[in-house]
Amino acid sequence: MTSQTPGSYRLAVEPVDGTVVAKHGQHVLARSGAARVIRETRWPVQYYFPPGDVNQSVLRPSDYKTFCPFKGTATYFDIVLPDKTIEAGAWTYGKARDETATVAGHIGFFDTVADLIECDRPLPEPTDDGHVGGALVDWLLREAWACAEPAELTAELGRRMVAEGIPAARLNVTVWSLHPLLVGTTYVWQRDGDVVSVDSAHHEDLDRPEYQNSPLRHVMNGLGGVRQSLATDDAEFSFPIMADLKARGMTDYVAMALVFSDGRHNVMTLATDEPGGFTTAQLGLTFECSFVIARLFEALIGRANAATVMDTYLGRRTGQRVLGGEIRRGDGEDLDAALLYCDLRHSTTLAERLPRDAFLALLNRFFEAAADPIAGRGGEVLKFIGDAVLAIFPADNGAEMACAAARAAADEIVAAVAAIEPPGDDLPPIACAIGLHYGSVTYGNVGARDRLDFTVIGPAANIAVRLSDFGKQIDQPVVMSAVACGDTAEAEALGEAELRHVARPMPVFVPPQRGDRRGVA
């Protein structure tokens, strides 16, 4: 039986006129006058032997399985020879799909196992030129790269498949993510409505039954593809999604891997409501295109992953600059900003008394208590320095607004940190010391030629750090410079303070109701 759509994926099963012998060295594995051969686009011919014509004494059942959307699930045999055992060297399709039903139960050997397969009569020349083309292929090669993000690519791919004659009613692409919170993202295009839904999964979702008992897990774990007719009750696979799709009128379902260059198996699934389901030519074209589809999605996901990594490790503002090309030493700008430096108090005592994991967990709770208010007020965490946080509030809308945002964030941080319960009765309360200042800093790349850091440098950043240190000395959670506190009516003056590594004494302030009113000068 042959799929013969011109320019499409082709599959033919033919009887062999003659005797075929398969050997490994001097060992005869099979000899048959009733063998069959499968010709498949872009694959060498493959002989299949009736089980009665195979040397069954060398076969040992294996637990290994693979799946072909055209032929079905293959179960394997180890080849046990006197001097060696070749694992998974032969296979059979116990329930071959309709188009290859005549090889059901027949046994095939890899050419690395059967190093000699010969027929006493020549096979007829194949009529398949191995070429797969058409409008879908042309679009993938010439235009698909212009899609700006994965959802757009998914939608356009679904439309192009339908236009090519692939009756996709539903197209799903699920890809792994490189994200501290999300493990993957799913893009689902529905032909009815021509819409794409986007759903992101968290790392803990991998343990849920919805994923554990899904074709996504099957394919992503490298267990092969999935093909299931939904028009019959003879189900080889019984994933819950299939019952749902069948209830919605779908007749056929297939899931295949989109393998990225790092070896990760992502997934593309198709479902159709076409009577009779997909044809081999339709799925073959999809399979042939899947390698290009994988590269396109990898490029888009790689771009998103790069942005995520930059945002995660450098912050959104800095990350965008690095991705924008500011990666040479010295690249940067002068920036006016409010600076916030928040340090965890009693950290040495906490680190000494707590087990490593408990201290790290506490440190992460502290960082979260500091970072969330900063982001919520429009600031950006530049870096975590040991047990401290350095953040900026750029003066895009003026100095007063930047300082007000920094002060509001500081108040929220103090409250959030104070709410953290000490992980032990004999430990000091969890508290912080925040220094606030406003000034001009250089914001850009510094470091060695091939190892750079994107940060702020300048006296203003140093003053914020020293104000935090001074807050520890006088037991105040927030200490501000005169320029950072704005209207002094909203702050309490403590006089002039001598700050370490700051040349001259400078006026310092604390928020209302927090000063001891004794001053420091």
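If you're wondering where the values come from, they're calculated on a predicted model, not measured in any experiment.

Quick look at helix 1 (residues 135-142)
An α-helical turn contains 3.6 residues, so any two residues separated by three or four positions project in the same direction. Here helix 1 has its buried residues at Leu136, Val137, Trp139 and Leu140. Buried residues of helix 1, viewed axially, fall in a sector of 160°; they line one side. Opposite the packed face of helix 1, turned more than 90 degrees from it, sit the exposed residues Ala135, Leu141 and Arg142.

Some details on helix 9 (residues 356-376)
Relative to the 30 Å expected for 21 residues at 1.5 Å per residue, helix 9 spans 30 Å between its end C-alpha atoms, a close match to the ideal helical length. Phe359, Leu362, Leu363, Phe366, Phe367, Ala369, Ala370, Ala371, Pro373 and Ile374 are the residues of helix 9 that are buried. In the segment just after helix 9, glycine 378 is the residue with positive phi, at about 85°.

Overview of the sheet that holds strand 4 (residues 36-40)
As summarised here, the arrangement of the 3 strands in space is 1-4-5, forming an open sheet in which the pairing is antiparallel. Pairing within the sheet leaves two strands with one partner each, and these edge strands are strand 1 (11-15) and strand 5 (43-48). Strand-to-strand twist of the sheet, defined as the mean angle between neighbouring strand axes without regard to direction, takes the value 20°.

Overview of the packing of helix 1 against helix 2 (residues 150-164)
Interhelical geometry of helix 1 versus helix 2 gives an angle of 155° and a closest axis separation of 9 Å. Accordingly, the angle class assigned to the pair helix 1 and helix 2 is roughly antiparallel. Across the interface between the two elements, Ala135, Leu136, Trp139 and Leu140 from helix 1 touch Leu153, Glu156, Leu157, Arg160, Met161 and Glu164 from helix 2. A per-class count over the contact of helix 1 with helix 2 returns 7 nonpolar, no polar and 3 charged.

Comments concerning the side chain of histidine 106
By the secondary structure assignment, histidine 106 is in the loop between strand 8 (84-93) and strand 9 (107-109). Not counting residues up to four positions away in its chain, the partners in contact with histidine 106 are Ala34, Arg36, Tyr48, Phe49, Pro50, Pro51, Trp91, Thr92 and Tyr93.

Here's the deal with the packing of aromatic side chains
Two descriptors summarise a pair of aromatic rings, namely the distance from one centre to the other and the angle between the planes of the rings. In the structure shown here, the tally under the stated rule is 10 aromatic pairs. Relative to phenylalanine 367, the ring of phenylalanine 366 lies with its centre 5.6 Å away and its plane at 45°, an arrangement referred to as tilted. Just as phenylalanine 366 is buried, phenylalanine 367 falls in that class too. A ring pair is formed by phenylalanine 367 and phenylalanine 384, whose centres lie 4.5 Å apart and whose planes are at 45°; its orientation type is tilted. You can see phenylalanine 367 sitting in helix 9 and its partner phenylalanine 384 sitting in strand 18 (residues 380-385), a full 17 residues away along the chain. Relative accessible area serves as the criterion here: at 44%, phenylalanine 384 is assigned to the partly exposed category. Put simply, the rings of Tyr48, Tyr64, Tyr76, Trp91, Tyr93 and Phe110 pair up and form one aromatic cluster.

Some points on the environment of glycine 277
Within the fold, glycine 277 resides in the loop between strand 16 (265-272) and helix 6 (280-314). Remark: the alpha-carbon pair of glycine 277 and phenylalanine 393, spanning 116 residues in sequence, is separated by 58 Å. Setting aside residues no more than four positions away along its own chain, glycine 277 makes contact with Thr251, Asp252, Thr272 and Gln282.

Looking at the side chain of aspartate 205
Mapped onto the elements of the fold, aspartate 205 is located in the loop between strand 13 (195-202) and helix 3 (209-212). Using a relative accessible area of 16% as the deciding quantity, one classes aspartate 205 as buried. A distance of 2.7 Å separates a polar atom in the side chain of aspartate 205 from the backbone nitrogen of histidine 202.

Concerning the pairing of strand 7 (residues 72-81)
In terms of residue burial, strand 7 counts as a mostly covered element, since 8 of its 10 residues are buried. Where strand 6 (residues 59-68) lies against strand 7, 7 bridges are found, and the strand directions are antiparallel. For proline 61, the partnering residue across the bridge sits in strand 7 and is phenylalanine 77. The hairpin turn running from strand 6 into strand 7, its antiparallel successor, is 3 residues long. Sheet topology note: the strand 7/strand 8 ladder contains 7 bridges and is antiparallel. Opposite leucine 81, over in strand 8, you have lysine 84 as the bridge partner.

Re the pattern of salt bridges
In a structure, side chains of opposite charge can pair up when their charged atoms sit close to one another. A full pass over the atoms with the stated rule returns 20 salt bridges. In this structure, arginine 191 engages aspartate 273 in a salt bridge whose closest nitrogen and oxygen atoms are separated by 2.7 Å. With arginine 191 in the loop between strand 12 (182-190) and strand 13 and aspartate 273 in the loop between strand 16 and helix 6, this residue pair connects regions lying 82 residues apart in the sequence. Look at arginine 191 and you get partly exposed, because its relative accessible area is 28%. According to the relative accessible area criterion, aspartate 273 is partly exposed, its value standing at 29%. A salt bridge links arginine 295 to glutamate 298; its shortest N-O distance comes to 3.1 Å. Placement of both arginine 295 and glutamate 298 in helix 6 is noted, with a separation of 3 residues, approximately one turn of the helix. The network of salt bridges with shared partners includes Glu143, Glu156, Arg159, Arg160 and Asp194.

Scoring rules and cut-offs
Residues numbered from 1 in each chain as written. Predicted model: local features only at pLDDT ≥ 70, side-chain atom pairs only at ≥ 80, totals over all residues. Heavy atoms only, no water. Buried < 20%, exposed > 50% of the residue type's maximum accessible area, 1.4 Å probe, protein only. Helix = DSSP H or I, 4+ residues; strand = E, 2+ residues; numbered from the N terminus. Arc of directions from axis to C-beta. Expected span 1.5 Å × (residues − 1). Pairing = 2+ DSSP bridges. Axes fitted to C-alpha atoms, helices over the stretch in contact; angles between N-to-C directions. Parallel < 35°, antiparallel > 145°, perpendicular 65-115°, else oblique. Contact = heavy atoms within 4.5 Å. Nonpolar A, V, L, I, M, F, W, Y, C, P; charged D, E, K, R; others polar. Phe/Tyr/Trp six-rings, centres within 6.5 Å; stacked < 30°, edge-to-face > 60°. Polar contact = N/O pair within 3.5 Å; in protein donor to acceptor, adjacent residues only side chain to side chain. Salt bridge = Lys/Arg side-chain N within 4 Å of Asp/Glu carboxyl O.

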